[in-house]
Amino acid sequence: MEKSHRHHPNHSSSSSSSSTHFRSQKFRSNPTTKDGKFTKNNNPNAREDFVKPRRPSQQAQQHVDDSSNLPVLLGTCPFMCPVAERVQRERLRDLAVFERLDGNPRKTSSDLAVKKFCRTISIRDMPTSDLRPLPVLEDTLDYLLSFLDSSEHPFEVVHDFIFDRTRSIRQDLSMQNIDNEKAIYMYEKMVRFHVMSLHKLRSCTNENISSVHYLNMEQLTKALTTLFNLYDANRSSESINENEGESLSLWFRQVPIPIIKSKEMCFARRILRFFRMGNYKRFLLTTAAEASFLQYCIIEPYIIEVRELALSCINNGGYKLHPYPLTHLSKLLMMKCLWP
Amino acid sequence: MAAYPGMSMGEAHRRITEYLNRFSDAVSNQDAASLRFLLSLSSNSPFLLSLADALNIFQDSGRLIKHSDHYSQYSDILFNLFRSLQTYRLGNLFDSYQAFEKSANAFIQEFRNWESAWALEALYALAYEIRVLAERADRDLASNGKSPEKLKAAGSFLMKVFGVLAGKGPKRVGALYVTCQLFKVYFKLGTVHLCRSVIRSIETARIFDFEEFPKRDKVTYMYYTGRLEVFNENFPAADNKLSYALTHCNPRREANIRMILKYLIPVKLSIGILPKDWLLEKYNLVEYRDVVQALRRGDLRLLRRALQEHEDRFLRSGVFLVLEKLELQVYQRLVKKIYIIQKQKDPTKAHQVKLEVIVKALKWLEMDMDVDEVECIMSILIYKNLVKGYFAHKSKVVVLSKQDPFPKLNGKPVNS
């Protein structure tokens, strides 16, 4: 595959090679309750994520219940976008701004075009010449994520492009039942992208942003679910659990001990404890002191909730004749005080 | 697993024929107890084990089955049952499960045709064996690096059995036993969310009257559904169900009582009810002892230490988060103790508690908290109605209500 015109992925925070793999708890798309409950992850009708991954050793064996009771596909498309689709989209002028050759909305190239996500396609209809094999998918993903470093376009536009094209990558992975370590790395990168978007979309001003935000949460949840399944599948030969996240207690039962005791999980559990207890001081302090950027992106909506709780408590229990000093409040809630 | 040494062909033939006769007699006499015995593979009864040996020697049991009209009508059941026994004896649990499932399927077809519910006990044995054999088969699969799938299949089979029992006739009282087997399967697999549909069937279908079910099954059912409520932190519901299980459980079944208490105790603690020490001792639930003690004393350090010491156990059983949340009640107790001490010294000023005093008390417990954090905790306690009063930031003091400053939970969980 020609690499001459491609951006060289500059691995910054978006696809950072930080030492810790990002692991996170599942988060609801609508954080309102303080108990240990989570809403169910709705299974996608478009099969871009796994529901039942198979272990690598089992590629030949087929389960009766498995939805992929079909031959294992091996993609042969050498380009980021299958030729037929590229030509068609050129003709229909359906090219994203990043795909246009010299800005021409009717022209693209094999270096620029990236396969779009197709909701209605099923495995049976997908010819192997349209499926991209793993090495191509890896390169495509890195290429896509490199756009996060450019500031040429507003973030919503970049997000939209990467959002759609990575969905297609997940679809290709899923149709070929790729569930090895490389798939894990790719999913982790995609999860990082969605997490970062949580944060960055907040400062975007276009009017559709709340639905963009919602869809982003949705894909984050789906990608995370698949990632958990992949971890499970690659970890040991114990049974794979289709854990739909009914409750946090239930989920904790199944997480292996080394992970529960890991630094990241301990941090997450501590934050969770402060949150459930209502200890707003420690919650905010610990987040500020210890959360990594990605962790912060996920905790952000809860920070808002905790600040609200703090205000409710102080207002409820504070001595009414001596109003609570604003400067102290700003310190406590870690919010800038705009009054002198 | 060597075959029974020294059994002759003739002896083998005799044993097989004996089994076949017993089987057909049990059915024609509607003798569920005998039939049950004949189906209980995993019981490892000498009778069945030597039959398995006989089958491995004789090798042509199919011919014997077809030999007489009495039992040839059950040939599908018997042939596969024999296969299952043979492979079971040889340690091939995967094949044993497969064959047993085939046999069980054939049995269900017959069962459907029997009008009365005479064979329910035997059906229970079938349901039990399916699950147990599947578990063992999966263990084997896992240890050979293969994907375990038989317990899941057993779950599907049990759902089928449930469907057969879910009708208007007398057989419906068997549905709860099968439900409980399903619960055990789902809990083992971790697919606990699948319990929901069968619970819905039991609780909302008009054909079922919960009171009609056998007591033993009701206890088991309440135990599992109670545990589900614990996972979801619905404490009043969890209390109801687990308490039901406890009161109706056979007092001699100490192991079962222990299992119920394991989940009931955290629930009761969450609603402010503490167990007596002798209860924890009697049922060997000492992992809760320090937790209870911490609540009694307002000893935050002890609670944290207890949670840390038994962390793995509490996480596995799913009660860790429930116990963690008891912290607020421990704080409440601590502040109450300070109040009581102050009352003894000077009753007129007792209702004013300086935040510094609380900081000092916590320091004695090796808990490092500054005045701001203590104020935060106090404001939470007040907000959640664990403390009645207010706090004054400027004077760094909590002013408690003169009446009932530390309301009891009275069976309700702490306000969320």
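All values reported here derive from a predicted model rather than from experimental measurement.

The rules behind these values
Here the residue numbers are simple positions, counted from 1 along each chain's written sequence. Written order decides the labels, with chains lettered from A and ligands numbered from 1. With the structure being a predicted model, the display of local features is reserved for residues of pLDDT at least 70 and the display and counting of side-chain atom pairs for 80 or more, all residues being used for whole-chain, interface and lining totals. Heavy atoms from the whole structure form the basis of all side-chain values; hydrogens and water molecules are not counted. By the criteria applied, helices consist of DSSP H or I runs no shorter than four residues and strands consist of E runs no shorter than two, each listed in order from the N terminus. Using a 1.4 Å probe on the protein chains alone, a residue whose accessible area is under 20% of its type maximum counts as buried, one over 50% counts as exposed, and one in between counts as partly exposed. The contact definition used throughout considers only heavy atoms, calling two residues in contact when any of these lie within 4.5 Å. Lines fitted to the C-alpha atoms define the axes, with helices restricted to the stretch that makes contact. Angles between their N-to-C directions range from 0 to 180 degrees. In these notes the angle categories are as follows: under 35 degrees is roughly parallel, over 145 is roughly antiparallel, 65 to 115 is roughly perpendicular, and the rest is oblique. A clockwise turn of the near helix away from the far one marks a right-handed crossing, whereas an anticlockwise turn of less than a right angle marks a left-handed crossing. Throughout, the ten residues Ala, Val, Leu, Ile, Met, Phe, Trp, Tyr, Cys and Pro are labelled nonpolar, Asp, Glu, Lys and Arg are labelled charged, and all others, Gly among them, are labelled polar. Planes of paired rings set the category: under 30 degrees apart is stacked, over 60 is edge-to-face and the rest tilted, where pairs are Phe, Tyr or Trp rings (Trp by its six-membered ring) whose centres lie within 6.5 Å. Lysine and arginine charges are scored as sitting over a ring when NZ or CZ, respectively, is within 6 Å of the ring centre and within 35 degrees of the ring normal. Buried residues of nine kinds, namely Ala, Val, Leu, Ile, Met, Phe, Trp, Tyr and Cys, make up a nonpolar core once their side-chain atoms join them within 4.5 Å. Domain delimitation follows an automatic or database domain assignment.

Caption draft 1: Geometry of the side chain of Thr286 of chain A. Residue and element names in this part refer to chain A. Mapped onto the fold, Thr286 is located in helix H9 (residues 280-290). Taking relative accessible area as the criterion, Thr286 reaches 8% and is therefore assigned buried. With near-sequence residues (within four places) excluded, Thr286 lies in contact with Phe267, Arg270, Ile271, Phe274 and Ala291.

Caption draft 2: Representation of the packing of helix H9 (residues 150-165) of chain B against helix H10 (residues 175-189) of chain B in the model. Residue and element names in this part refer to chain B. At a minimum axis distance of 9 Å, the contact between H9 and H10 shows a crossing angle of 160°. The angle between H9 and H10 places the two elements in the roughly antiparallel class. Here H9 runs over H10; the crossing is left-handed. Packed against H9, whose contacting residues are Leu151, Lys152, Gly155, Leu158, Met159, Val161, Phe162 and Leu165, the element H10 presents Ala175, Val178, Thr179, Gln181, Leu182, Val185, Tyr186, Lys188 and Leu189 at the interface. Grouping the constituent residues of the contact of H9 with H10 by class yields 12 nonpolar, three polar and two charged.

Caption draft 3: How the structure looks around the packing of aromatic side chains. By the definition in use, this model includes 30 aromatic pairs over all chains. On the numbers, 5.2 Å between centres and 75° between planes, the contact of Tyr143 of chain A with Phe147 of chain A is edge-to-face. What makes Tyr143 of chain A buried here is its relative accessible area of 2%. In textbook terms, an aromatic cluster arises when at least three aromatic residues are bridged by ring pairs, as seen for Phe162, Phe183, Phe187, Phe208, Phe210, Phe213, Tyr221, Tyr223, Tyr224, Phe231 and Tyr263 of chain B. Above the ring of Phe47 of chain B, the side-chain terminus of Arg22 of chain B is found at 4.1 Å from the ring centroid. Taking the ring centre of Phe111 of chain B as reference, the NZ or CZ of Lys171 of chain B above it sits at 4.9 Å.

Caption draft 4: How the structure looks around the nonpolar core. Counting 229 residues, the largest nonpolar core has Phe283 of chain A together with Tyr19, Phe23 and Phe107 of chain B as its most contacted members. Each of domain 1 (9-166) and domain 2 (335-400) of chain B accounts for three or more of the residues forming this core. Residues within four places of Phe23 of chain B in sequence aside, it is in contact with Leu35, Leu38, Leu39, Tyr74, Ile77 and Leu78 of chain B. If you look at the next biggest cluster of nonpolar residues, it comprises five residues, including Leu73, Ile123, Met126 and Leu131 of chain A.

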